[in-house]
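Tertiary structure, described
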Amino acid sequence: MRSLDHKLIHGFIIVSLCCLLAGCIPAGDTGADSGITGEELITVGFSQLGAESDWRSANTESMKSVFTKENGYELIFDDAQQKQTNQITAIRSFIQRDVDYIVLAPVTEKGWDTVLSEAKEADIPVIIVDRQVDVSDESLFTCWVGSDFELEGKMVCMWISKFLGRKGIKGEDVHIVDIQGTLGSTAQLGRTKGFDHMAKLYGWDVVAYEQGDFTRSKGKEAMFKILRNYEDVNVVYCENDNEALGVIDVLEASGRKCGGDIANGEIMVVSFDGINKQALSHLMTGEISCIGECNPMHGPRVESVIRKLEAGEEPYKYQYVSEGLFSADMSVTSVMLGGKEYKVTRKP
Ligand code: GYE
């Protein structure tokens with residue numbers, strides 16, 4: 001009996017020593033499936049606002065492909081289905097789980113102060129991606145990565161003006177509608193602001209604003225309403241490609257032709273993104289005249305921010321992605337804004 005005890009104690013000491021020397025890896029966390037050994041995974045909680053468009057799906061994909069175990073990350077992904085309350089709940093659960101970083105793609109700009117203060121109190125850095133947050137204290141988030149939506153809007157409008165100008169069409173003969181994205185989102189606010197600014201500058205007749213919510217179905221509804229209520233619309237400014245697809249469905253079903261020859265009765269459709277395959281094929285055939293590029297591939301950009309933070313460096317607070325225009329018609333090859341030239345290319 002005594003010698004058995006002895007053996008057990010002996011064995012225990014040997015196992016403990018081996019364990020100490022090996023760095024004592026707790027059971028179930030051997031690093032075997034993490035692809036990296038000896039290093040802990042960085043946990044990232046990502047609150048994605050929804051899945052309303054092809055842009056959004058590409059954006060989600062970009063994030064998921066970067067934040068993998070092989071790359072050293074544990075990603076907790078949450079799809080908020082267009083509801084800010086769901087995003088707030090997700091952020092609170094990330095805080096509870098004590099993630100290393102929170103990444104937020106906010107549905108709209110306002111209403112983030114409280115939950116972001118909670119993240120700050122918990123000492124978790126928050127990286128905002130795509131749309132922005134409108135908070136009273138900018139220290140509530142570490143930095144933001146995304147597009148300049150107002151600039152995108154201005155670029156598309158300048159393209160319209162140059163393109164129609166070459167055909168001898170005057171500003172007052174442009175009867176344009178704006179099919180807006182999700183109201184209160186930075187993409188909508190910026191693209192509408194850019195539109196308003198340029199419409200005024202060129203003396204366009206702004207016939208109506210309708211809500212399109214960045215979706216094909218809402219784009220359809222909006223265009224139905226416009227056709228019912230207004231006769232002379234000749235340009236449709238859609239705040240994304242999915243809306244444009246809905247608009248084209250309705251226009252074609254009503255026997256109208258989509259295209260840039262508005263002097264001969266065509267209706268010109270322009271939009272934003274350049275991701276959806278059908279929209280790109282419409283671009284090639286001219287049903288969509290121009291698309292303002294919007295780049296969704298933010299995964300690597302957010303990751304490089306995290307790398308910087310891990311290295312103790314400070315990332316730039318606002319990181320804008322540079323973008324251009326797409327059109328199959330090459331009569332306009334670039335637009336100039338704020339002293340900078342933005343190129344028009346045939347394809348993304
Ligand atoms: O243009 C649209 C999406 O916020 C940039 O949201 C994003 C916009 C994008 O639904 O397709």
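Preceding block: the structure.
1. Some words on the sheet that holds strand β7 (residues 205-211)
- The strand order across the open sheet formed by eight strands is β7-β6-β8-β9-β10-β12-β14-β13, and the pairing between neighbours is mixed. In this open sheet, the two strands that pair with only one neighbour each are β7 and β13 (334-337).

2. Here's the deal with unusual backbone geometry
- Even without being glycine, Q81 reaches a positive phi, approximately 50°.
- Position of Q81 among the secondary structure elements: in the loop between β2 (73-79) and α3 (84-96).
- Since its relative accessible area comes to 55%, Q81 is described here as exposed.

3. Some thoughts on the pattern of salt bridges
- If you walk through the whole model with that rule in mind, you get 17 salt bridges.
- Between R56 and E52 there is a salt bridge; the shortest N-O distance is 3.0 Å.
- We classify R56 as buried; its relative accessible area is 2%.
- Residue E52 is classed as buried on the basis of its relative accessible area, which comes to 13%.
- With a shortest N-O distance of 3.1 Å, R216 and D249 are connected by a salt bridge. One end of the pair, R216, is in helix α7 (residues 216-229); the other, D249, is in helix α8 (residues 241-253), and 33 residues separate them in sequence.
- What makes R216 partly exposed here is its relative accessible area of 30%.
- Look at the salt bridges and you will find they share partners, linking E52, R56, D130 and R131 into a network.

4. Examining the side chain of K154
- Note that K154 resides in helix α5 (residues 149-166).
- Relative accessible area serves as the criterion here: at 18%, K154 is assigned to the buried category.
- Excluding anything up to four places from it in sequence, K154 contacts G194, H197, M198 and L337.

5. A few points about the packing of aromatic side chains
- Applying the stated criterion to the full structure yields 10 aromatic pairs.
- A centroid spacing of 4.8 Å and a plane angle of 80° characterise the contact between F67 and Y73, whose relative ring orientation is edge-to-face. Assigned by exposure class, F67 and Y73 land together as buried.
- When the centroid spacing of 6.3 Å and the interplanar angle of 80° are considered together, the rings of F141 and Y318 count as edge-to-face. Of the two residues, F141 is situated in the loop between β4 (126-129) and β5 (143-146) and Y318 in strand β11 (residues 318-320); the sequence distance between them amounts to 177 residues.
- Residue F141 is classed as buried on the basis of its relative accessible area of 4%.
- A connected cluster of aromatic rings, assembled from ring pairs, spans F141, W144, Y318 and Y320.

6. Quick notes on the site of the ligand
- In the vicinity of the ligand, 13 residues are found, and the nearest of them are E52, R131, R191, N240 and D273.
- Between the ligand and the protein, one listed contact pairs an oxygen atom with a side-chain N or O atom of S53 at 3.0 Å.
- The side chain of D130 places a nitrogen or oxygen atom 2.9 Å from an oxygen atom of the ligand.
- Notes on the ligand: free accessible area 300 Å², of which the protein chains cover 100%.
- When each cavity is represented as a set of grid points, the ligand is found to reside in the largest cavity.
- Elements that contribute at least two residues to the shell around the ligand include exactly α2 (54-66) and α6 (186-202).

7. Some details on helix α10 (residues 299-310)
- Counted at 1.5 Å a residue, the expected span for α10 with its 12 residues is 16 Å, and the 16 Å between its end C-alpha atoms agrees.
- Taken residue by residue, α10 has G299, V302, E303, V305 and I306 as its buried positions. Taken around the axis of α10, the buried residues stretch over an arc of 155°, which confines them to a single face.
- G312, located one to two residues past α10, shows a positive phi value of around 80°.

Cut-offs and rules
Residues numbered from 1 in each chain as written. Predicted model: local features only at pLDDT ≥ 70, side-chain atom pairs only at ≥ 80, totals over all residues. Heavy atoms only, no water. Pairing = 2+ DSSP bridges. Helix = DSSP H or I, 4+ residues; strand = E, 2+ residues; numbered from the N terminus. Buried < 20%, exposed > 50% of the residue type's maximum accessible area, 1.4 Å probe, protein only. Salt bridge = Lys/Arg side-chain N within 4 Å of Asp/Glu carboxyl O. Contact = heavy atoms within 4.5 Å. Phe/Tyr/Trp six-rings, centres within 6.5 Å; stacked < 30°, edge-to-face > 60°. Near = heavy atom within 4 Å. Polar contact = N/O pair within 3.5 Å; in protein donor to acceptor, adjacent residues only side chain to side chain. Areas by Shrake-Rupley, 256 points an atom, 1.4 Å probe, with all protein chains shown as cover. 1 Å grid on protein atoms, 1.4 Å probe; cavity = no way out; pocket = protein on both sides within 12 Å on 5 of 7 lines; lining within 4 Å. Sits in = over half its atoms within 2 Å of the grid points. Expected span 1.5 Å × (residues − 1). Arc of directions from axis to C-beta.

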